[in-house]
Amino acid sequence: MNYLLTTALAWVFCAYSWSAFCQNESAPYQLTDVSSYLPEIKAVYGEVWVSENPDAVNVLEDCFINRMRYLIEPLTENDKYPLLSSFPVMNKFNPAISAIDYSQFNPSTFVPITYNLPFFSDQTQVVRVDGTNYIIVIDPVKY
């Protein structure tokens with residue numbers, strides 16, 4: 001009986017570990033803390049807007065933490081995803097904001113708020129980082 005219980009627990013542990021490993025493979029990069037992006041949000045929208053719109057900042061936080069992820073998907077000849085360069089850079093308030101060097105894309109340093117991406121769509125949005133194997137997936141808003 002003890003052997004059976006130990007074996008069953010070992011299988012459950014292995015299944016759980018494998019599931020956790022697979023989740024890390026499918027979503028290798030995910031933002032975890034928007035507070036590090038607060039300076040960028042202020043740079044894009046201005047400090048007054050941020051202080052007057054705490055709910056909007058919270059919605060962006062939810063998007064960055066829970067609905068946005070970066071995946072690696074090989075670039076194909078007939079790629080169907082829109083390119084990151086096709087989205088405008090949000091530099092109306094701050095002209096110093098510019099597009100990134102796409103060939104040097106790094107999910108851990110990328111600041112998505114600098115682009116006018118479809119953060120609030122009711123459908124999953126996928127954007128290809130120009131010339132790379134990276135795609136940005138933004139899950140839909142759930143009302």
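Here, the structure is the one placed above.
The paragraphs below set out a description of the structure included in this document. Bear in mind the structure is a predicted one, so any value in this text is a computation, not a measurement.

**Some remarks on the environment of Asn94**
Part 1 of the argument: Relative to the helices and strands, Asn94 resides in the loop between β1 (68–72) and β2 (125–128).
Part 2 of the argument: The exposure class assigned to Asn94 is partly exposed, which follows from its relative accessible area of 23%.
Part 3 of the argument: Spatially, the C-alpha atom of Asn94 lies 6.4 Å from that of Ala43, the residues being 51 residues apart in sequence.

**Description of helix α4 (residues 54–67)**
Part 1 of the argument: A rise of 1.5 Å per residue sets the reference length of α4, with its 14 residues, at 20 Å; its end C-alpha atoms lie 19 Å apart and thus fit the reference within 8%.
Part 2 of the argument: All of the buried residues in α4 are Val57, Leu60, Cys63, Phe64 and Arg67. Down the axis of α4, the smallest arc covering the buried residues is 155 degrees, so these residues share one side.
Part 3 of the argument: Looking at the buried positions of α4, the neighbouring elements they touch are α2 (38–45), α3 (47–52), β1 and β3 (134–138).

**Some remarks on the side chain of Arg67**
Part 1 of the argument: Secondary-structure assignment places Arg67 in helix α4.
Part 2 of the argument: The buried category is assigned to Arg67, whose relative accessible area is 8%.
Part 3 of the argument: In this structure the side chain of Arg67 is engaged in a polar contact, spanning 2.5 Å, whose partner is the backbone oxygen of Asp139.
Part 4 of the argument: For Arg67, the contacting residues outside a window of four places in its chain are Asp62, Phe119, Phe120, Val137, Ile138, Asp139, Pro140 and Val141.

**Some remarks on the nonpolar core**
Part 1 of the argument: Met68, Leu84, Ile113, Leu117, Phe119 and Ile136 are the most contacted members of the largest nonpolar core, which totals 25 residues.
Part 2 of the argument: Listing elements by their share of this core, those giving two or more residues are α2, α4, β1 and β3.
Part 3 of the argument: In terms of residue count, the dominant contributor to this core is α4 (four residues).
Part 4 of the argument: Counting residues in each nonpolar core, the second largest holds five residues, with Leu71, Val126, Ile135 and Val137 among its members.

**Things to note about the packing of aromatic side chains**
Part 1 of the argument: Scanning the model with the defined rule gives eight aromatic pairs in all.
Part 2 of the argument: Among the aromatic side chains, those forming a connected cluster through ring pairs are Tyr70, Phe105, Phe110, Tyr115 and Tyr134.

**Points about the pattern of salt bridges**
Part 1 of the argument: For the structure on display, the rule yields three salt bridges.
Part 2 of the argument: In this structure, the salt-bridge partner of Arg67 is Asp62, at a minimum N-O distance of 3.7 Å.
Part 3 of the argument: Assessed through its relative accessible area of 33%, Asp62 is described here as partly exposed.
Part 4 of the argument: Between Asp79 and Arg128 there is a salt bridge; the shortest N-O distance is 2.9 Å. Of the two residues, Asp79 sits in the loop between β1 and β2 while Arg128 sits in strand β2, which places them 49 residues apart along the sequence.
Part 5 of the argument: Look at Arg128 and you get buried, because its relative accessible area is 0%.

**Concerning the side chain of Ser121**
Part 1 of the argument: Here Ser121 lies in the loop between β1 and β2.
Part 2 of the argument: You can call Ser121 buried: its relative accessible area is 18%.
Part 3 of the argument: Here Gln123 takes part through its backbone nitrogen, which lies 3.0 Å from a polar atom of the side chain of Ser121.
Part 4 of the argument: In this structure Ser121 touches Pro140 and Val141, once residues within four positions along its chain are discounted.

Definitions and cut-offs
Residues numbered from 1 in each chain as written. Predicted model: local features only at pLDDT ≥ 70, side-chain atom pairs only at ≥ 80, totals over all residues. Heavy atoms only, no water. Helix = DSSP H or I, 4+ residues; strand = E, 2+ residues; numbered from the N terminus. Buried < 20%, exposed > 50% of the residue type's maximum accessible area, 1.4 Å probe, protein only. Expected span 1.5 Å × (residues − 1). Arc of directions from axis to C-beta. Contact = heavy atoms within 4.5 Å. Polar contact = N/O pair within 3.5 Å; in protein donor to acceptor, adjacent residues only side chain to side chain. Core = buried A, V, L, I, M, F, W, Y, C linked by side-chain atoms within 4.5 Å. Phe/Tyr/Trp six-rings, centres within 6.5 Å; stacked < 30°, edge-to-face > 60°. Salt bridge = Lys/Arg side-chain N within 4 Å of Asp/Glu carboxyl O.

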